[in-house]
Amino acid sequence: MNSKITDYIIEKIIFLCGIIAIVFVVLIFGFLLKEGFAFFKEYGVFNFIFGKYWYPSSNPASYGVFSLIIGSLLVTLGAAIIAVPFGIMTALFIAELAPKGIRDILKSIVELMAAIPSVVLGFVGMVTLVPLVRSILDIPTGLTAFSGSIVLGFMAMPTIVSISEDAIRSVPWQYKEGAFALGATKWQTIRRVVLKAAMPGIIAAVMLGIGRVIGETMAVLMVTGNAAAIPTSIFDPVRTLTATIAAEMGETVRGGLHYRALFGIGLVLFTITFLINFIADLFLNKKK
Amino acid sequence: MVDKIKVENLSCFYSGKQVLKNLSLTVKANEILSIIGPSNSGKTSFLRTLNRMNDMNVYFSRKGNIFLDDDNIFDMNPEKLRTRIGMLFAMPIPLPMSIYDNIAYAPRVLGLKNKKNMDEVVEQSLRDASLWDEVKDRLNSSAIKMSGGQQQRLCIARILAIEPEVILFDEPCSGLDPISTAKVEEAMLKLKEKYTIVLVTNNVKQASRVGTRTAFFLMGELIEIDKTQNMFLTPKNKTTEDYITGRFG
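Conventions we followed
- Residues numbered from 1 in each chain as written.
- Chains lettered and ligands numbered in written order.
- Predicted model: local features only at pLDDT ≥ 70, side-chain atom pairs only at ≥ 80, totals over all residues.
- Helix = DSSP H or I, 4+ residues; strand = E, 2+ residues; numbered from the N terminus.
- Buried ≥ 20, exposed ≤ 12 C-beta atoms within 10 Å, placed from the backbone.
- Rg over C-alpha atoms; globule rule 2.2 N^0.38 Å.
- Contact = placed C-beta atoms within 7 Å.
- Pairing = 2+ DSSP bridges.
- Axes fitted to C-alpha atoms, helices over the stretch in contact; angles between N-to-C directions.
- Nonpolar A, V, L, I, M, F, W, Y, C, P; charged D, E, K, R; others polar.
- Parallel < 35°, antiparallel > 145°, perpendicular 65-115°, else oblique.
- Left-handed = near helix turned anticlockwise from the far one by under 90°.
- Domains from an automatic or database assignment.
- Bend = angle between axes of the 7 residues up to and from the residue.
- Core = buried A, V, L, I, M, F, W, Y, C linked by C-beta atoms within 7 Å.
- pLDDT = per-residue confidence, 0-100.

Participant: Could you clarify how one ought to interpret the overall build of chain A in this entry?
Facilitator: Along chain A, the regular secondary structure elements total 11 helices and two strands. Seen in sequence order, chain A has helices and strands lined up from the N terminus as α-α-β-β-α-α-α-α-α-α-α-α-α. Taken along the three principal axes of its C-alpha coordinates, chain A extends 75 × 70 × 35 Å. A burial count over chain A gives 38% of its 288 residues as buried.

Participant: Is there a simple way to think about the overall build of chain B in this case?
Facilitator: When helices and strands are counted, chain B shows 10 helices and 10 strands. Over its C-alpha atoms chain B spans a radius of gyration of 18 Å, differing by no more than 12% from the 18 Å that the globule rule assigns to 249 residues. Each principal axis of the C-alpha atoms in chain B carries an extent, and together these give about 55 × 40 × 35 Å. Out of the 249 residues belonging to chain B, those deemed buried represent 45%. Considering only contacts within chain B whose residues lie at least 6 apart along the sequence, 69% involve residues at least 24 apart.

Participant: Is there a simple way to think about the sheet that holds strand E9 (residues 213–218) of chain B in this case?
Facilitator: Backbone hydrogen bonds hold the strands of a sheet together, and the pairing may be parallel or antiparallel. All names here are of chain B. In space, the six strands of this open sheet follow the order E6-E7-E8-E3-E9-E10, with mixed pairing throughout. Strands with a single pairing partner mark the edges of an open sheet, and in this sheet they are strand E6 (85–88) and strand E10 (221–227). The sheet shows a mean angle of 15 degrees between the axes of neighbouring strands, direction not considered. The pairing of strand E3 (residues 32–36) with E9 spans four bridges and is parallel. Bridging across to E9, Leu-33 finds its partner in Arg-213.

Participant: I would appreciate a short explanation of the interface of chain B and chain A in the present structure.
Facilitator: In many reports, interface size means the accessible area that the parts give up when they come together. Counting residues at the interface gives 19 residues for chain B and 16 residues for chain A. Breaking the side of chain B that touches chain A down by element, the ones donating at least two residues are helix H2 (78–84), E6, helix H3 (99–109) and helix H6 (148–160) of chain B. Residue composition of the side of chain B that touches chain A, grouped by class: 13 nonpolar, three polar and three charged.

Participant: Can you help me understand the packing of H3(B) against helix H4 (residues 115–128) of chain B in this one?
Facilitator: A packed helix pair is summarised by two numbers, namely the angle formed by the two axes and the spacing between the axes. All names here are of chain B. With their axes 10 Å apart at the nearest point, H3 and H4 run at an angle of 115 degrees to one another. With respect to H4, the element H3 is oriented roughly perpendicular. Seen along the crossing, H3 lies across H4 with a hand that is right-handed. Within the contact between the two elements, H3 uses Tyr-100, Ile-103, Ala-104 and Pro-107 and H4 uses Met-118, Val-121, Val-122, Ser-125 and Leu-126.

Participant: Help me understand the domain arrangement of chain A, please; the structure alone is not making it clear to me.
Facilitator: Residues and elements named next belong to chain A. As assigned here, chain A comprises domain 1 (2–44) and domain 2 (62–287). Placing a centre on the C-alpha atoms of domain 1 and another on those of domain 2 gives a separation of 29 Å. Here the residues of the side of domain 1 that touches domain 2 are counted per class, giving five nonpolar, one polar and two charged.

Participant: Any chance you could explain helix H5 (residues 118–137) of chain A here in plain terms?
Facilitator: Note that an α-helix has 3.6 residues per turn; residues three or four places apart therefore point the same way. All names here are of chain A. At Met-126, H5 is bent by approximately 40 degrees, the largest bend along its length. By the burial criterion, the buried members of H5 are Leu-121, Gly-122, Gly-125, Leu-129, Val-130 and Val-133. Just past H5, the residue Asp-138 takes up positive phi, approximately 55 degrees.

Participant: Help me understand the nonpolar core, please; the structure alone is not making it clear to me.
Facilitator: Where a protein is soluble and globular, its nonpolar side chains tend to be buried together. Among the nonpolar cores identified, the biggest contains 123 residues, and A:Ile160, B:Leu168 and B:Val198 are the most heavily contacted of them. When near neighbours in sequence (up to four residues on either side) are disregarded, B:Val198 contacts B:Val27, B:Leu33, B:Ile35, B:Leu47, B:Leu50, B:Val166, B:Leu168 and B:Phe169. Counting 13 residues, the second-largest nonpolar core is a separate cluster that includes A:Tyr63, A:Val65, A:Leu241 and A:Leu269.

Participant: Whenever I open this one, unusual backbone geometry confuses me. Can you help?
Facilitator: Comment: phi is negative for the bulk of residues other than glycine, and the bulk of peptide bonds are trans. Residues and elements named next belong to chain A. Its identity is not glycine, yet Asp-138 carries a phi of approximately 55 degrees, on the positive side. One can find Asp-138 in the loop between H5 and helix H6 (145–169). With 6 C-beta atoms counted inside 10 Å, the residue Asp-138 sits in the exposed group. Of note in this structure, Asn-226 is not a glycine but carries a positive phi near 55 degrees. In this fold, Asn-226 is placed in the loop between helix H9 (218–223) and helix H10 (241–248). Judged by the 17 C-beta atoms lying within 10 Å of it, Asn-226 is partly exposed.

Participant: How do you make sense of the pairing of E3(B) when you look at a structure like this?
Facilitator: All names here are of chain B. With five of its five residues buried, E3 lies for the most part within the structure. The pairing of E3 with strand E8 (residues 196–200) spans four bridges and is parallel. Pairing of Ser-34 across the sheet is with Leu-199, part of E8.

Participant: Can you walk me through the confidence of the model for chain B in this structure?
Facilitator: In low-pLDDT segments, the atomic positions of the prediction should not be examined closely. For chain B, the mean per-residue pLDDT works out to 89, and 100% of the residues sit at or above 70. On the interface metric, ipTM, the complex scores 0.77, and its pTM is 0.75.

Participant: How should I be thinking about the sheet that holds strand E5 (residues 71–72) of chain B in this particular structure?
Facilitator: Residues and elements named next belong to chain B. If you trace the four strands from one edge of the open sheet to the other, you get E2-E1-E4-E5, paired in antiparallel fashion. Across the chains shown, the open sheet's two edge strands, defined by having one partner strand only, are strand E2 (17–28) and E5. Summarising the sheet, strand E1 (residues 3–14) and strand E4 (residues 60–68) pair through eight bridges and their orientation is antiparallel. Residue pairing across strands places Ser-11 opposite Lys-63, the latter belonging to E4.

Participant: Got a minute to help me understand the pairing of E10(B) in this structure?
Facilitator: Consecutive side chains of a regular strand alternate in pointing toward one face of the sheet and then the other. Residues and elements named next belong to chain B. Of the strand pairs in this sheet, E9 and E10 are connected by six bridges, and their pairing is antiparallel. Residue pairing in the sheet places Leu-218 in a bridge with Glu-221 of E10. Turn length for the E9-E10 hairpin, with the two strands adjacent in sequence and antiparallel, is two residues, and the turn residue Met-219 shows positive phi of about 50 degrees.

Participant: Where do I start with the environment of B:Arg84 in this structure?
Facilitator: Residue and element names in this part refer to chain B. On the secondary structure map, Arg-84 appears in helix H2. Here Arg-84 falls in the partly exposed class, since 18 other C-beta atoms lie within 10 Å of it. Placed 80 residues apart in sequence, Arg-84 and Pro-164 show a C-alpha to C-alpha distance of 4.2 Å.

Printed below as a string of C-alpha cells:
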C-alpha cells in the first residue's frame, strides 16, 4: 500500500515537470506572437520582411529586416560549409581510423571546444582572426561575414563531431564485418555501409550544429561588423537577426514600436529555426 | 578429390594465449567439411583465420601457413582473398537497404555497373540460395523486414553474388527454427556442387546431415577428421564418441 502511494506521488511529480516545460514553451511562444503580431499590424509584414533599411532611430523610423535576414543566412551558410565537411571527417577519423590513444585525446579536445563560452570565442576571434582576415585579404575591415562564418563554424564543430561520432560508432560492428567478409576494403566499407547506416544521425548532428549557429548571438555581434546593409559578398560586414535583438533591446521603450519590431525579428528567427527542424525531420523520416 | 585448402601447422594466439594448437588438415574441393566441438575449442577462430578476418584484431597472431590452391593466403591481398573465400556469420546481418541492393552491394563495389548483368547476378544468387521464389515480387522492399531464415539465405545469396570459391559458414543456423534450418541446409547441399564449404556448427546432428567429412576440435586441437559416416558410426577416438553421443559438450 505504502509503495503504491509513493508510486502515485512520484508519477504526479514527473507529470508536473513535463507539463511545466510545455507550458513555459507555449507561454514564451504566445508572448512572442502577441508582440510580433502587434508590430506586423502597425507596420505591415511585407514592409518588415522585404524592407531594405533598418533605421529604428531616424524619423520616420524604418524597420526593414531584409538585410538582417541575408546577413544571418550568409553567416550560417558560410559556417555550415566550413563546419559540416570538417566535422563529419573528424568524426569519422575519431570513430573509425584513429588509434585508441589518439582517439581519447581528440575526443577530450573536441568536448573541451564545446565548453568554450561563445563570448570568449568572439573575443579571441575579434583580436586574432579579424586583423588576420583584413591583412591577408587586403580589405578595408576584417569585421566581415567571412570572419563570422569561421568563428561560428568553429562553434558548430563540437556538436557535429560528437553527435556524428556517436552515430557512426553505433553502427553495428556486424555490418562492417559483413562488408569486410565480402571483400570490401576499409574505405569502401566506410563509404557504402558505415556512412549510409549512420546517415540519419549525421543529419541530425548537422541540423543541431546549424541550429546552434543561427541562434548564436555574442560571437557574431563581435566579429561581423554589424552593418545593417545588404552584403554584396561574403567579405562585407553584415548584421544578423540575433545581434540586432541583443544590441538594441536595451535602448528601446517598452511597448514602443522599436521594441515590438525586435519581437518581430524574434518571430522571423523562430520561423527559420522551425523550418530547418521541419526539413530535417522530413528528411529523417524519409530515410526510415 | 582435389585439395582446395591446405592448412599446415597452424597455431593461433589471442594476446599470446594459444587457441589453436599446431593444426594440419585439408579441405577438398566441392565438399562440406563440418567442424564440431564444444565452445572454446577454436572452431570459429579457425574459420576467421581462413579468410583473414582475424587480421583486424590487434591482439591476434599466428604461426603456420594456409594454402588456397597452392597460393599462401597470408601472401595475398586480404580483400582479394575474401572475394575468393566468402563468410557467413551466425547472426544474419542484412545491410540496411533493399533486398536487391544487399545482393548488388558487393558486385558494385567490385566494379560491376551494367544494370542488366546486375539483374542476372541478383536473380541467379537468389536462386542458388533457394530464396528467389519467396522474394522475387518484393526485391525493392527493405531486407530488415524479412524473417530470420530468409535473412540468412539472403546473406548466402549476397556471398554468392561475388562468386567465391569457398564459403565459410559460422554456425549459420544457431538462431533459426527447425524449418528455416532445413531450408538453409537444403541450400548448402545444393551449393556443394559449385562451391567448397566449411561449416562450423554446434549442432552435431547438422554435421551428420550435411557434412561430407567432419572434423572434431577440442581445446584448440584437432582430435579427429574423417568421412562423416565413419565418424558417426565408428569414431576412432573415445572423446569424439563421447561428444557426438552427447555425453559432454
